[in-house]
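# Reading the structure
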Amino acid sequence: MCSSDLLEKTPVTAASVLAGFRYIWQNPVVLGAISLDLFAMLLGGVTALLPVYAKDVLDAGPWGLGLLRSAPALGALVISIALAHRQIEQRVGHVLFMAVGAFGLSAVAFAFSTSIAVSMLALAVYGAADAVSVVIRHSLVQTNTPNEMLGRVLAVNSMFTGTSGTLGEFRAGAVAAMFGAFTSVLIGGAGAVPVALLWMRMFPEIARIDKIEGSHS
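Since this is a predicted model, take the numbers as computed values, not measurements. (Residues numbered from 1 in each chain as written. Predicted model: local features only at pLDDT ≥ 70, side-chain atom pairs only at ≥ 80, totals over all residues. Heavy atoms only, no water.)

A few words now on the pattern of salt bridges. Enumeration over the complete set of coordinates arrives at one salt bridge. As a salt-bridge pair, arginine 137 and aspartate 37 come within 3.0 Å of each other at their nearest N and O atoms. Taken together, the positions of arginine 137 in helix α8 (residues 116–143) and aspartate 37 in helix α4 (residues 28–44) put the pair 100 residues apart, joining distant regions of the chain. (Salt bridge = Lys/Arg side-chain N within 4 Å of Asp/Glu carboxyl O. Helix = DSSP H or I, 4+ residues; strand = E, 2+ residues; numbered from the N terminus.)

What follows is about the nonpolar core. In this structure, Leu68, Phe110, Leu123 and Val185 are the most contacted members of the largest nonpolar core, which totals 23 residues. For this core, the elements supplying multiple residues, two or more each, are α5 (50–57), α6 (61–85), α7 (92–112), α8, α9 (147–179) and α10 (181–202). In contact with leucine 68, not counting residues within four places along its chain, are Leu50, Ala54, Leu58, Phe110, Ile116, Ser119, Met120 and Leu123. Judged by nonpolar contacts, the second largest core, of 18 residues, contains Leu96, Val100, Val195 and Ala207. (Core = buried A, V, L, I, M, F, W, Y, C linked by side-chain atoms within 4.5 Å. Buried < 20%, exposed > 50% of the residue type's maximum accessible area, 1.4 Å probe, protein only. Contact = heavy atoms within 4.5 Å.)

For the rest of this paragraph, the subject is a nonpolar patch on the surface. Residues Leu74, Leu77, Val78 and Ile81 make up a contiguous nonpolar surface patch of roughly 380 Å² in combined accessible area. Along the polypeptide, leucine 77 turns up in helix α6. (Patch = residues over 30% accessible without salt bridge, like charges linked within 9 Å, V, L, I, M, F, W, Y side chains within 5 Å. Areas by Shrake-Rupley, 256 points an atom, 1.4 Å probe, with all protein chains shown as cover.)

Before going further, it helps to spend a moment on the packing of α7 against α10. Relative orientation of the contacting elements α7 and α10 amounts to 165°, with a least axis distance of 8 Å. Judged by the inter-axis angle, α7 sits roughly antiparallel to α10. For the pair α7 and α10, the crossing hand works out as left-handed. Contacts from Phe97, Val100, Gly101, Phe103, Gly104, Leu105, Ala107, Val108, Phe110, Ala111 and Phe112 of α7 reach α10 at Phe182, Val185, Leu186, Gly189, Ala190, Ala192, Val193, Ala196, Trp199 and Met200. Of the residues contributing to the contact of α7 with α10, the split by class is 18 nonpolar, three polar and no charged. (Axes fitted to C-alpha atoms, helices over the stretch in contact; angles between N-to-C directions. Parallel < 35°, antiparallel > 145°, perpendicular 65-115°, else oblique. Left-handed = near helix turned anticlockwise from the far one by under 90°. Nonpolar A, V, L, I, M, F, W, Y, C, P; charged D, E, K, R; others polar.)

Spelled out as structure tokens, the structure:
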């Protein structure tokens, strides 16, 4: 193959721009993985309300807010190190839904907590569960997408993952403004659990996945 062939580009058309969306819509595993993140984060995001909890609930001040902010990252770091040494080898689909459920339940635990230590533990589990979900979902998207579609599908995936957290923070702030921070966190965390159960029913293809294997070639 000559260098001119390598440099030749496919013309950009509406069909090529929308190809990633079309592939995702037609692939239940990829669609389920991406949409699960969108709705779980939309409901379960709590980080926007940490300043409120640090000041009004835990009476911890700036130092407490710093601890709360670091707790999800600490949980994610610990579980990431564990996953780097021992990958999830069985019942990957079920582990994904369990991680999303744990994500929601840890937010509920955080909502009820009045102790800085308990709140940090809940947030550490929150971050760890999210990290497990991210690893599995991204692996499923990549291994179930052929090479020629991978760039466009990952672009769509990045768009959704990049906006879901921000939309979740907006949801949390809007609900908190109307009903209070406790209600916002509680509703969001409790809502993430039925999302996991509903997605398990809507996308049984994911629930049946035992190992990270796909058609990526």
